[in-house]
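# Inside the fold
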Amino acid sequence: KSRRSAGRVLLHIIVRDDKTFCPIRDIAVGCYHPNAKGVRKTEQAYPEDDDVRSVWIGVRKRQGRGKGGSFVDSLLTLAGGDYEGTYASPLGGKRCVNNDNVRAVFGENSPVETLFLSESHLRKLMHREGDFRLPAMRLVAEFIF
């Protein structure tokens, strides 16, 4: 599609504790066009990016569920579970996504897939030997394509 296309939330994963089966984390994976108006940093679009999509991943701890960090945080965030070292939004800073570009990044439709996974199942997916893809790409390949 073109750079006028809306972004899309591809996956919403609810991670459950192995012992209590209570939801402890939400993971969202989505994509957007890096040349979309309101997303690109320049006035002119880069023609070489017309066939490219940027993929993002977001991890949210459920309120009051689980103590401290989880191995999920270290597997899915580049900062090894330290949220201080990660971006606050798919575009970088905390206020980079706004009313002007929210559709371009997140779209307006529900996620393509919503699933429940246990911590142990997610751990197995993330520790496959010889798979060096980024976590977001592993999840999309496993559940979407």
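Residues numbered from 1 in each chain as written. Predicted model: local features only at pLDDT ≥ 70, side-chain atom pairs only at ≥ 80, totals over all residues. Heavy atoms only, no water.

## Notes on the sheet that holds strand β3 (residues 54–61)
Reading across from one edge, β3-β2-β1-β4 is the order of the 4 strands in this open sheet, with mixed pairing throughout. On the outer flanks of this sheet lie β3 and β4 (113–118), each paired with one strand and no other. Taken pair by pair, the neighbouring strands of this sheet meet at an average axis angle of 20 degrees, ignoring direction. Helix α3 (residues 119–126) rests against β1 (8–16), β2 (23–32) and β4 of the sheet, and its axis sits at about 100 degrees to β4. (Pairing = 2+ DSSP bridges. Helix = DSSP H or I, 4+ residues; strand = E, 2+ residues; numbered from the N terminus. Axes fitted to C-alpha atoms, helices over the stretch in contact; angles between N-to-C directions. Contact = heavy atoms within 4.5 Å.)

## Let's talk about the nonpolar core
Judged by nonpolar contacts, the single largest core of 20 residues is most densely connected at Ile13, Ile27, Leu76, Leu122 and Leu139. For this core, the secondary structure elements donating two or more residues are β1, β2, α1 (71–76), β4, α3 and α4 (135–143). Beyond its immediate stretch of four places on either side in the chain, leucine 122 contacts Val15, Ile27, Val72, Leu76, Leu117 and Leu139. Core analysis: the next-biggest nonpolar cluster, separate from the first, contains 9 residues, Val9, Tyr32, Val39 and Val105 among them. (Core = buried A, V, L, I, M, F, W, Y, C linked by side-chain atoms within 4.5 Å. Buried < 20%, exposed > 50% of the residue type's maximum accessible area, 1.4 Å probe, protein only.)

## Details of the confidence of the model for the protein chain
Reading predicted coordinates in detail is not appropriate for stretches of low pLDDT. Summary statistics for the protein chain give a mean pLDDT of 79 and a share of 81% for residues scoring 70 or more. Ranking the elements of the protein chain by mean pLDDT puts α1 last with 70 and β4 first with 94. A low-confidence stretch, residues 79–85 stays under pLDDT 50, and its non-local contacts, those more than four residues away or across chains, total 11 contacts. (pLDDT = per-residue confidence, 0-100.)

## A short note on the side chain of histidine 33
Tracing the backbone shows histidine 33 in the loop between β2 and β3. Residue histidine 33 is classed as buried on the basis of its relative accessible area, which comes to 3%. Within the structure, histidine 33 has its side chain in polar contact with the backbone nitrogen of asparagine 35 (distance 3.0 Å). (Polar contact = N/O pair within 3.5 Å; in protein donor to acceptor, adjacent residues only side chain to side chain.)

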